[in-house]
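Structure at a glance
This is what each chain is made of:
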Protein chains: 2
Amino acid sequence: MKAEILSIGTELLMGELTDTNGSWIATQLPPLGIQLQGISIVGDDLPALAEAFSRGLQRSDFIFTTGGLGPTQDDLTREAVAAALGETPTVQREVVENLERYFAGRGMTMPAHNIKQAHLIPSAQFVRNRNGTAPGWWVESDGKVIVCMPGPPGEMQPIWHEEVAPRLRELVEDEVTITRNIKTLGMSEAAIDEEISEFFGHENPYLGIYSKADGIHLRIIARAGDEQVAREMITPVEAAITERLGAYIWGYDSDTPEQAAGQALSEFGLTLATMESCSGGFLANSVTDIPDSARYYKGGVIAVNSEMLLASGVPPLVLEKYGLVSPETAMAMAHAARNGMAADYGVAINGVIGPAPIEDQPVGQVYVAIAGRKETRELQFRTPPRRIVIKRRVANTALTELRKLVVLENGD
Amino acid sequence: MKAEILSIGTELLMGELTDTNGSWIATQLPPLGIQLQGISIVGDDLPALAEAFSRGLQRSDFIFTTGGLGPTQDDLTREAVAAALGETPTVQREVVENLERYFAGRGMTMPAHNIKQAHLIPSAQFVRNRNGTAPGWWVESDGKVIVCMPGPPGEMQPIWHEEVAPRLRELVEDEVTITRNIKTLGMSEAAIDEEISEFFGHENPYLGIYSKADGIHLRIIARAGDEQVAREMITPVEAAITERLGAYIWGYDSDTPEQAAGQALSEFGLTLATMESCSGGFLANSVTDIPDSARYYKGGVIAVNSEMLLASGVPPLVLEKYGLVSPETAMAMAHAARNGMAADYGVAINGVIGPAPIEDQPVGQVYVAIAGRKETRELQFRTPPRRIVIKRRVANTALTELRKLVVLENGD
């Protein structure tokens, strides 16, 4: 079954907003066995939209759209579907009443133009939207399906999970695609390639390798008549990867370094403190992106100069002897964080973020140190000299290394 | 003149990667007077790509592509252009020699498959790429122009600025579009609308209003025969907006809150220290995203519990009397940051990030406090209860408020 996605809105063509709905829906389709042929971004222009629908109906089984369901004159998705199918919209009384209740519940009367959101054509049914005034449309015509959803991700994603995906699952029973994402850090792409080379180059299960900010990801994709069979095709490949790369694997599927590290700390009831120089708060901000982080994160310090390092407990002798940027200073920071904030683990980052070199060390040179319950860890490497790349790489490395040490020191 | 963009790569259809090149190029076109009709994301599939080019040539004057210029079998942009135009690629000897030199300079011999990157068709010229092995293509045929650029933004954007934009400027002399973005915070969209209502609803200059994470943006777009005239059309609208909303304007065009605050501090040679609870490092991380921040940022503390607040200089009596989350505690944090790190300005954030309420205050309730050289500032508000929204809104508000106070206390 083939699909395409239309992301609708002139603001997407002005560069005001980057479309993220397209790539989000793209991630949802492989497990349903639906093959995505393309994503198109189209402005709020009726002829262009109607043409996009007509062309899509010729070459795809499904068209998924986001945007253009609001109440204003610029919102033309409904009109374009009607035009492409040659149908005429009518007003649905019960939806008008729902809308009136929605506004009344907020102490307002419904603006007249919201009546557009109660329009329907004969081939369409409404799709419930719990988080906004714009209901979606589910349209079936000549064996093709068009699903229109609102643009805000906070409305679209719940609609997808609750209303759209279950109906799609019923429709596309012939093939299931299962993916398994295995995330590694510390081994090069070439070395991984060599280690598991016999699994590459097959159609099904397919093995892909991707270089990301948090390491090298391996993605196994299996297609089969049912989920069970697809999972059984993945098992031996995953087992071989685990056996050969085990020490470098830090997470699976949608895991992030901060989530994997946090989960390890939570599991053993342990706590964390951080001290960073060059990463400037990126590490702390990643740690606190996890909702449960208050349970294990005791706090952090951003120390970008020697006064702040001294005030945070780094011994003056260390700074004098090893300078601002060195593995020794990073380790002293890790101990100072651990002791000063009474945490089980202290993680420290220092390095050269730029624009200028520090103490003759180039931009991108970074040091990670971890003071653990029994052991310590030290890492140093050089990243490409772009500010955001340095921050992201060094923080991700610190978090994956932390997870490894927590599991090593506390696991069985 | 009409254009469309093709973003090429199967990884964009698997949701592995979100296309940002399309929206970036979209922002570059209005000042050139080129009207963008659509952005399409197409996989690495020769028939689909060739069809996309053929269709594009029918309806657009320009096609801009990114991706698919690498050396592998999956890189099919060149082949698709050749197919759409019915031309046959030949190998360009001097480009092969350039490639060989590029690899030799890295101590490697050129892999055989890189020879693809030296292919050219009669209608195409190479476009120089200083940052990678893949040269771009500039293709002219039947009055239409196709520009093919590599996918990595670090290669594509320099190519655009250095090679593509100057040639486009020569081609499209008939109309220029100038935009001016004015960024406000603290006034609602409805209130702004009322204040400057007479400027909305015109075609040229057009005024748009957009709600963003860092406030309400106003965008003036003027089209004219030359830049001078277009700028003169913007001037009176901008002057009226400045007069009526002046106190709420914190930046222009591509300004960010952290950049605007940093610029104000730099201008007066002043320094900053931060202390945050609920924003968990988002504020520090934003501040340090600015390359020059080391000149004015003295450091920061992430204090998520009372021990850390006490250790960072918040008086025990304040915590006892006002609790973890309150305007008084936020102000004590701001003073502790300013005094403890010997900075001119101390900025503090506290609030409830979730998942649970704290001290009976709901998730999303936040407090910002600033201790300045002479004055202090206090703000409190409630954001939607999503973790990343809370962090971003409260940090942006703190930074725009900081900028305002710095300018007020030190400007003339």
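The residue numbers shown here count from 1 along each chain, following its written sequence. Chains carry letters from A onward and ligands carry numbers from 1 onward, assigned in written order. In keeping with the model being predicted, local features are shown solely for residues with a pLDDT of at least 70 and side-chain atom pairs are shown and tallied solely at 80 or more, while totals for entire chains, interfaces and linings include all residues. Side-chain measures here rest on the full set of heavy atoms in the structure, leaving out hydrogens and waters.

On to the overall build of chain A. Strands are runs of DSSP state E lasting at least two residues, helices are runs of H or I lasting at least four, and both sets are numbered from the N terminus onward. A tally of helices and strands in chain A yields 14 helices and 17 strands. Counting only C-alpha atoms, chain A reaches 80 × 55 × 40 Å along its principal axes. Summary of the burial criterion: residues with accessible area below 20% of their type's maximum are buried, those above 50% are exposed, and those between are partly exposed, where the area comes from a 1.4 Å probe applied to protein chains only. Looking at chain A residue by residue over its 412 residues, the buried ones come to 56%. Of the contacts made within chain A by residues no fewer than 6 positions apart, 66% connect residues no fewer than 24 positions apart. By element, 50% of the accessible surface of chain A is carried by carbon and sulfur atoms, the whole surface being about 17500 Å². The sign given to each residue is positive for Lys and Arg and negative for Asp and Glu; His and the chain ends receive no count. Charge placement uses NZ in Lys and CZ in Arg. For Asp and Glu, CG and CD serve respectively. Here chain A carries 35 positive and 54 negative side-chain charges, and the mean point of each set is 3 Å from the other. Here, residues are in contact when the closest pair of their heavy atoms is within 4.5 Å. The Shrake-Rupley method, run with a 1.4 Å probe sphere, supplies the accessible areas, and residue values consider only the shown protein chains as cover.

What follows covers the sheet that holds strand S12 (residues 249-252) of chain A. Residues and elements named next belong to chain A. Taken in spatial order, the four strands of this open sheet run S10-S11-S9-S12, and their pairing is antiparallel. Each having just a single partner strand, strand S10 (206-212) and S12 make up the two edges of the open sheet. For this sheet the average axis-to-axis angle between neighbouring strands, irrespective of direction, equals 25°. We treat two strands as partners when DSSP finds at least two bridges between them. Bridge analysis of strand S9 (residues 176-184) against strand S11 (residues 215-224) gives nine bridges, and the strand direction is antiparallel. By the bridge assignment, Thr179 is partnered in S11 with Ile221. Only the contacting stretch of a helix is used when fitting its axis, a line to C-alpha atoms as for every element, and angles between N-to-C directions run 0 to 180 degrees. Of the strands in this sheet, S9, S10, S11 and S12 are in contact with helix H8 (residues 227-245), which crosses S11 at around 155°.

Whenever a carboxyl oxygen of Asp or Glu lies within 4 Å of a side-chain nitrogen of Lys or Arg, that contact is scored as a salt bridge. Taken as a whole and judged by the stated rule, the model has 34 salt bridges over all chains. The partner of Glu100 of chain B in a salt bridge is Arg93 of chain B, and the shortest N-O contact between them spans 3.8 Å. Residue class for Glu100 of chain B comes out partly exposed when judged on its relative accessible area of 36%. In this structure, Arg130 of chain B and Glu162 of chain B form a salt bridge, with 2.6 Å as the shortest nitrogen-oxygen distance. Linking Arg130 of chain B in the loop between strand S6 (124-127) and strand S7 (136-141) with Glu162 of chain B in helix H6 (residues 153-171), this pair joins segments that are 32 residues apart in sequence. Residues joined by salt bridges that share partners form a network here, namely Glu4 and Arg59 of chain A together with Glu51 and Arg55 of chain B.

Each copy is superposed on the other by least squares, with the fit set by C-alpha atoms of residues at a pLDDT of at least 70 in both. Placing chain B over chain A gives an RMSD of 0.1 Å and needs a rotation angle of 180°, together with 0.0 Å of translation along the axis. What the rotation and shift describe, once combined, is the action of a two-fold rotation axis. Looking at the interface residues of chain B, 100% of them are also at the interface in chain A, so both copies use one shared face.

Listed by partner, the interface residues are 54 residues for chain B and 54 residues for chain A. Throughout, buried area stands for the accessible area (probe radius 1.4 Å) lost by two parts on being put together, summed over both. Surface buried jointly by chain B and chain A totals about 4200 Å² across both partners, of which 51% is contributed by carbon and sulfur atoms. Counting across the interface, chain B meets chain A through six salt bridges. With a closest N to O distance of 2.7 Å, Asp289 of chain A and Lys391 of chain B form a salt bridge. Two N or O atoms count as a polar contact when they lie within 3.5 Å, although within protein this holds only if one can serve as hydrogen donor and the other as acceptor, and sequence-adjacent residues are included solely when both atoms are side-chain atoms. At the boundary of chain B and chain A, one finds 26 residue pairs in polar contact (both at pLDDT 80 or more). In terms of residue class, the side of chain B that touches chain A is made up of 22 nonpolar, 19 polar and 13 charged. In this sheet, strand S2 (residues 35-42) of chain B lies alongside strand S2 (residues 35-42) of chain A in antiparallel orientation, the contact comprising five bridges. Its bridge partner lying in S2 of chain B, Ile41 of chain A is registered against Ile39 of chain B. Each residue receives one of three labels: charged for Asp, Glu, Lys and Arg, nonpolar for Ala, Val, Leu, Ile, Met, Phe, Trp, Tyr, Cys and Pro, and polar for the others, Gly being one of them.

Now for the sheet that holds strand S14 (residues 297-302) of chain A. Ordered by their spatial adjacency, 10 strands build an open sheet running S17(A)-S16(A)-S15(A)-S13(A)-S14(A)-S14(B)-S13(B)-S15(B)-S16(B)-S17(B), and the pairing between neighbours is mixed. Two strands lie at the open edges of the sheet, namely strand S17 (376-382) of chain A together with strand S17 (376-382) of chain B, each paired on one side alone. Ignoring strand direction, the axes of neighbouring strands in this sheet form an average angle of 10°. Sheet analysis places strand S15 (residues 345-351) of chain B next to strand S16 (residues 365-371) of chain B, joined by six bridges and oriented antiparallel. Across the sheet, the residue bridging to Val347 of chain B is Ile370 of chain B, located in S16 of chain B. Relative to strand S15 (residues 345-351) of chain A, helix H13 (residues 327-340) of chain A is tilted by about 145°, and along the sheet it contacts strand S13 (272-276), S15, strand S16 (365-371) and S17 of chain A.

Looking now at empty space enclosed by the protein. Here a cavity is any set of points on a 1 Å grid over the protein atoms alone where a 1.4 Å probe fits but cannot get out, and a pocket is any open set with protein on both sides within 12 Å along at least 5 of 7 lines; a residue lines the site when it has an atom within 4 Å of a point. Grid points are joined across faces, edges and corners, and a volume is the space filled by probe spheres set on the points. Applying the stated criterion to the full structure yields one cavity of 30 Å³ or more. Computed from the structure, the largest cavity encloses a volume of approximately 100 Å³. Taken together, 16 residues form the lining of the largest cavity, with Thr18, Asp19 and Ile41 of chain A together with Asp19 and Ile41 of chain B sitting closest to its centre. Mapped by element, the contributors of at least two residues to the lining of the largest cavity are helix H2 (21-28) and S2 of chain A together with helix H2 (21-28) and S2 of chain B.

Right, let's talk about the domain arrangement of chain A for a bit. Delimitation of the domains relies on an automatic or database domain assignment. As assigned here, chain A comprises domain 1 (2-171), domain 2 (176-252) and domain 3 (257-410). Computed over C-alpha atoms, the centres of domain 1 of chain A and domain 3 of chain A are 46 Å apart.

What follows concerns the environment of Thr383 of chain B. Residue and element names in this part refer to chain B. You can see Thr383 is positioned in the loop between S17 and helix H14 (387-410). In this structure Thr383 comes out as buried when scored by relative accessible area, which is 5%. Considering only alpha carbons, one finds Thr383 and Ala48, 335 residues apart in sequence, at a separation of 45 Å. Setting aside residues up to four positions removed in sequence, Thr383 forms contacts with Val363, Gly364, Val366, Ile390 and Arg393.

We now examine a negative patch on the surface. Nonpolar side chains (Val, Leu, Ile, Met, Phe, Trp, Tyr) are joined into patches within 5 Å and like charges within 9 Å, using only residues with over 30% relative accessible area and no salt bridge. A surface patch of negative charge is lined by Glu189, Asp193, Glu194 and Glu195 of chain A. Summarising the element assignment, Glu189 of chain A is placed in helix H7 (residues 189-195).

Residue and element names in this part refer to chain A. Contact geometry for helix H9 (residues 257-267) and helix H14 (residues 387-410): axes closest at 8 Å, N-to-C directions at 25°. Between H9 and H14, the interaxial angle falls into the category roughly parallel. Relative to H14, the crossing made by H9 is left-handed. Residues Pro257, Glu258, Ala260, Ala261, Ala264 and Leu265 of H9 form the contact with H14, whose participating residues are Asn396, Leu399, Thr400, Leu402, Arg403, Val406 and Val407. Tallied by class, the residues present in the contact of H9 with H14 amount to nine nonpolar, two polar and two charged. An angle below 35 degrees is read as roughly parallel, one above 145 as roughly antiparallel, one from 65 to 115 as roughly perpendicular, and any other as oblique. Left-handed is the label given to a crossing in which the near helix is rotated counterclockwise from the far helix by less than a right angle, and right-handed is the label when the rotation is clockwise.

Here we come to the packing of aromatic side chains. Residue and element names in this part refer to chain A. Each aromatic pair joins two rings of Phe, Tyr and Trp (for Trp, the six-membered one) with centres within 6.5 Å, and gets the label stacked for planes under 30 degrees apart, edge-to-face for over 60, and tilted for any other angle. Going through the model one piece at a time under the given rule, you end up with eight aromatic pairs over all chains. On the numbers, 6.4 Å between centres and 90° between planes, the contact of Trp24 with Trp160 is edge-to-face. Placement of Trp24 in helix H2 and of Trp160 in helix H6 (residues 153-171) is noted, with a sequence separation of 136 residues between them. Each member of the pair, Trp24 as well as Trp160, is classed as buried. Seen from their ring centres, Phe62 and Phe64 are 5.8 Å apart, and the 5° between their planes marks the pair as stacked. The class of Phe62 is buried, set by a relative accessible area of 2%. Its relative accessible area of 0% is what places Phe64 among the buried residues. Grouping aromatic residues by their ring pairs yields a cluster made of Trp24, Phe62, Phe64 and Trp160. By definition here, charges over rings are those cases where NZ of Lys or CZ of Arg is within 6 Å of the ring centre and within 35 degrees of the ring normal. Cation over ring: Arg167 sits above Trp138, and NZ or CZ is 4.2 Å from the ring centre.

Residues and elements named next belong to chain B. Orientation of helix H3 (residues 46-59) relative to helix H4 (residues 77-85), taken along the N-to-C sense of each, is 55°, at an axis distance of 8 Å. For the element pair H3 / H4, the angle class is oblique. Note on packing geometry: the crossing formed by H3 with H4 is right-handed. Facing Leu46, Leu49, Ala50, Phe53, Ser54 and Leu57 of H3, the residues of H4 in contact are Thr77, Glu79, Ala80, Val81, Ala83, Ala84 and Leu85.

With the exception of glycine, the majority of residues adopt a negative phi angle, and the majority of peptide bonds are in the trans configuration. A cis amide bond links Gly354 of chain A with the next residue in sequence, Pro355 of chain A, at an omega value of 5°. Position of Pro355 of chain A relative to the elements: it lies in the loop between S15 and S16. For Asp142 of chain B, which is not glycine, the phi dihedral falls at a positive 55°. Here Asp253 of chain B, not a glycine, exhibits a phi torsion of approximately 50°, which is positive.

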